[in-house]
Amino acid sequence: QGFEIPASAWERFILARRITDYDPAHLDQLCLAGAVGWGRLSPHPATLDAVGSGENGRENRRRVIPTRVAPIAFFVREDADWMRPHHPGADDSTTSFLSPVAQALLELLKQRGALFFPDMVRATGRLKAEVETGLWELVAAGLVTADGFENLRALVTPKSASGAGMGKVRRPRHAPGRWSLLHTEGADRDRSVESCCWMLLRRYGVVFRDLLVRETNLPRWRELQIGLRRLEDRGEVRGGRFVDGFLGEQFALPVAVELLRAQRKQPLSTGGERIIISAADPLNLVGIVVPGERIPAISGRSVVFRDGMWEAQEAGMAAGF
């Protein structure tokens, strides 16, 4: 959770590769039950421009372009203290970075709350395709979310069959779930930072500054460092040097330390085990933690592990580990 990946990549390149016999219905159930939410959590550059420029220089502002590669993150609602408080539209000085249709939809959701797609079409008097594009724009801007992931899936692949690895089931153009503003209620600062520390520790096992360059939703490292030291003082995590070649403090879960020690005692594998992940996957740490040139987080590119070691790829493919 908390790691932003292109919207179109989540199921086809991440979840379907990580989970055997992946079923999209399971993700829908988690979202519709209120256990998991999704949305863009990092600020769009256009929203920052709008807040900083006021009414002057409007013609030079960026626009929000609806795109299938808009960064989307998931969050577990019971464990979301790490999220920054965000109330879309509540205190924005302007929404001129949005198209007229997107502005109308945003105002409608502010006034009437969560709405189904047909309700928005009827209330705005716009064509279905216009409302669809407007919703995409609001998703890309980090302003709206929906009850289920099927709502986003309908925008990613409208009137089309599902992606590879998920069957060839025809989906309706618009899902039954409601659209709503993406509100994130943050906890107090200390609890928020501590929650963020736990999120990173559970994801990586070992946490240090250089590891986090791809993250988009984190406090400053100084704040994380203080939070991690507090956890170390309580005996909940360990501090030390666990990964060679990096400066600064490192912190790890006790179970991660034990696994690293056990792995060090194991002979190097020569069985030729080959694992392929998407370059958009959080495990793409080439050029960050391990040697090599950075591989852009592009959905169609791959990173390859062979017995846990680097493997060169043919021309046009990414190098991998």
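Here the residue numbers are simple positions, counted from 1 along each chain's written sequence. With pLDDT at 70 or above as the cut-off, local features in this predicted model cover only qualifying residues; side-chain atom pairs require 80 or more to be listed or tallied, and sums for whole chains, interfaces and linings still use all residues. Values shown for side chains rest on all heavy atoms present in the structure; no hydrogens or waters enter the calculation.

*Asks:* Let's hear about the overall build of the protein: which residues, and what values?
*Replies:* For the protein, the count of helices and strands is 10 helices and 10 strands. For the protein, with 321 residues in total, the buried portion stands at 46%. Within the protein, contacts between residues at least 6 apart in sequence are counted, and of these 67% link residues at least 24 apart. Here the Shrake-Rupley method, with its probe set to 1.4 Å, supplies the accessible areas, and only the displayed protein chains count as covering residues. With an accessible surface of roughly 16800 Å², the protein has 53% of that area assigned to carbon and sulfur atoms. Helix and strand assignments come from DSSP, with helices taken as H or I runs of at least 4 residues and strands as E runs of at least 2, each series counted from the N terminus. Buried residues are those whose accessible area, probed at 1.4 Å on protein chains only, stays under 20% of the maximum for their type, while exposed residues exceed 50% and partly exposed ones sit between those limits. In what follows, residue pairs with any heavy atoms lying within 4.5 Å of each other are defined as contacts.

*Asks:* Explain the pattern of salt bridges to me, and be specific about the residues and the numbers.
*Replies:* Each salt bridge in this description consists of a side-chain nitrogen of Lys or Arg and a carboxyl oxygen of Asp or Glu lying within 4 Å of one another. One pass over the structure, following the stated rule, counts 18 salt bridges. Between R126 and E130 there is a salt bridge; the shortest N-O distance is 3.8 Å. On the basis of relative accessibility, which here comes to 30%, the residue E130 falls in the partly exposed class. For E258, the salt bridge goes to R238, with nearest N and O atoms at 3.4 Å. Here R238 lies in strand 7 (residues 238-240) and E258 lies in helix 10 (residues 254-265), a separation of 20 residues in the sequence.

*Asks:* Kindly report on the environment of Q250, identifying the contributing residues and their values.
*Replies:* Its place among the elements puts Q250 in strand 8 (residues 250-252). Taking the C-alpha atoms as reference points, Q250 and V206, separated by 44 residues in sequence, lie 7.0 Å from one another. Beyond its immediate stretch of four places on either side in the chain, Q250 contacts V206, V207, F208, R238, G239, G240, R241, F242 and V243. We define a polar contact as two N or O atoms separated by no more than 3.5 Å, with the added condition that, inside protein, one atom must be a possible hydrogen donor and the other a possible acceptor, whereas residues neighbouring each other in sequence contribute only through side-chain atom pairs. From its side chain, Q250 meets the backbone nitrogen of F242 in a polar contact 2.9 Å long.

*Asks:* Lay out the sheet that holds strand 7 with the relevant residues and their values.
*Replies:* Between any two strands, pairing holds if DSSP finds at least two bridges. With respect to topology, three strands assemble into an open sheet ordered 6-8-7, the strand pairing being antiparallel. Of all the strands in the sheet, just strand 6 (206-207) and strand 7 have a single pairing partner and so form its edges. Relative to strand 8, strand 6 runs antiparallel, the two sharing two bridges. When the bridges of strand 8 are listed, V207 appears paired with F251. Lines are fitted to the C-alpha atoms to define the axes, a helix being fitted only along its stretch in contact, and any angle between axes, read from their N-to-C directions, falls within 0 to 180 degrees. Docked against the sheet, helix 10 engages strand 6, strand 7 and strand 8, running at close to 50° with respect to strand 7.

*Asks:* Mind laying out the packing of aromatic side chains, listing which residues take part and the relevant values?
*Replies:* Within 6.5 Å between ring centres, the rings of Phe, Tyr and Trp (the latter by its six-membered ring) count as paired, and their orientation is classed by plane angle as stacked under 30 degrees, edge-to-face over 60, tilted in between. The final tally for this structure, using the stated rule, is five aromatic pairs. Ring geometry for W38 and F149: centres 6.1 Å apart, planes at 80°, overall edge-to-face. Taken together, the residues span a long stretch of sequence, with W38 in strand 2 (residues 36-39) and F149 in helix 7 (residues 149-156) at a distance of 111 residues. Like F149, W38 is buried. With a centroid separation of 6.2 Å and 90° between ring planes, the pair formed by W38 and W179 is classed as edge-to-face.

*Asks:* Explain the side chain of R214 to me, using residue names and the numbers behind them.
*Replies:* Secondary-structure assignment places R214 in the loop between strand 6 and helix 9 (221-233). Only four residue types enter the charge count, namely Lys and Arg as positive and Asp and Glu as negative; His and the chain termini do not. Comment: no salt bridge for buried R214; closest opposite-charge side chain is D281, at 6.6 Å. A distance of 3.4 Å separates a polar side-chain atom of R214 from the backbone oxygen of A280. Contacts of R214, omitting those with residues within four sequence positions, involve F3, A279, A280, D281, P282, N284, I288, R294 and A297.

*Asks:* A description of helix 6 (residues 128-140) should follow, citing residues and the corresponding values.
*Replies:* The span expected for a helix works out to 1.5 Å for each residue beyond the first. With 13 residues, helix 6 extends 18 Å from end C-alpha to end C-alpha; this agrees with the ideal 18 Å at 1.5 Å per step. Listed as buried for helix 6 are V131, E132, G134, L135, W136, E137, L138, V139 and A140. With its phi angle positive at about 80°, G142 sits one or two positions after the end of helix 6.

*Asks:* Hey, could you go over helix 4 (residues 100-112) for me, with residue numbers and the actual values?
*Replies:* Taking 1.5 Å per residue, 13 residues should reach 18 Å; helix 4 reaches 18 Å between its end C-alpha atoms and fits that length. Buried within helix 4 are the following residues: V101, A102, L105, L106, L108 and L109. Along the axis of helix 4, the buried positions cluster into a sector of 160°, meaning they face one direction only. Exposed and oriented more than 90 degrees from the buried face of helix 4 are P100 and Q111. Summarising the contacts, the buried residues of helix 4 are in contact with helix 5 (117-124), helix 6, strand 4 (144-146) and strand 5 (179-181). Positive backbone phi, approximately 80°, marks G113, located one or two places after helix 4. For this quantity, the arc is that covered by the directions from the helix axis to the C-beta atoms.

*Asks:* How would you explain the packing of helix 4 against helix 6 if you had to name every residue and give the values?
*Replies:* Two numbers describe how helix 4 lies on helix 6: the axes approach to 8 Å, and their chain directions differ by 75°. If you check the angle between helix 4 and helix 6, you find them roughly perpendicular. Of the residues in helix 6, those in contact with V101, A102, L105 and L106 of helix 4 are E130, V131, G134, L135, E137 and L138. Within the contact of helix 4 with helix 6, the residues separate by chemical class into seven nonpolar, one polar and two charged. An angle below 35 degrees is read as roughly parallel, one above 145 as roughly antiparallel, one from 65 to 115 as roughly perpendicular, and any other as oblique. Ten residue types, Ala, Val, Leu, Ile, Met, Phe, Trp, Tyr, Cys and Pro, are classed as nonpolar, four, Asp, Glu, Lys and Arg, as charged, and the remainder, Gly among them, as polar.

*Asks:* Quick one: what's the story with the side chain of E4, residue by residue and with numbers?
*Replies:* Summarising the element assignment, E4 is placed in the segment before strand 1 (5-6). Summary of buried charges: E4 has no salt-bridge partner, and the nearest side chain of opposite charge, R40, is 4.9 Å away. Here S42 takes part through its side chain, which lies 2.6 Å from a polar atom of the side chain of E4. A polar atom in the side chain of E4 sits 3.0 Å from the side chain of T216. Once residues within four sequence positions are removed from consideration, E4 is found in contact with R40, L41, S42, P71, I72, A73, T216 and N217.

By themselves, these figures tell us nothing about what the structure is for.
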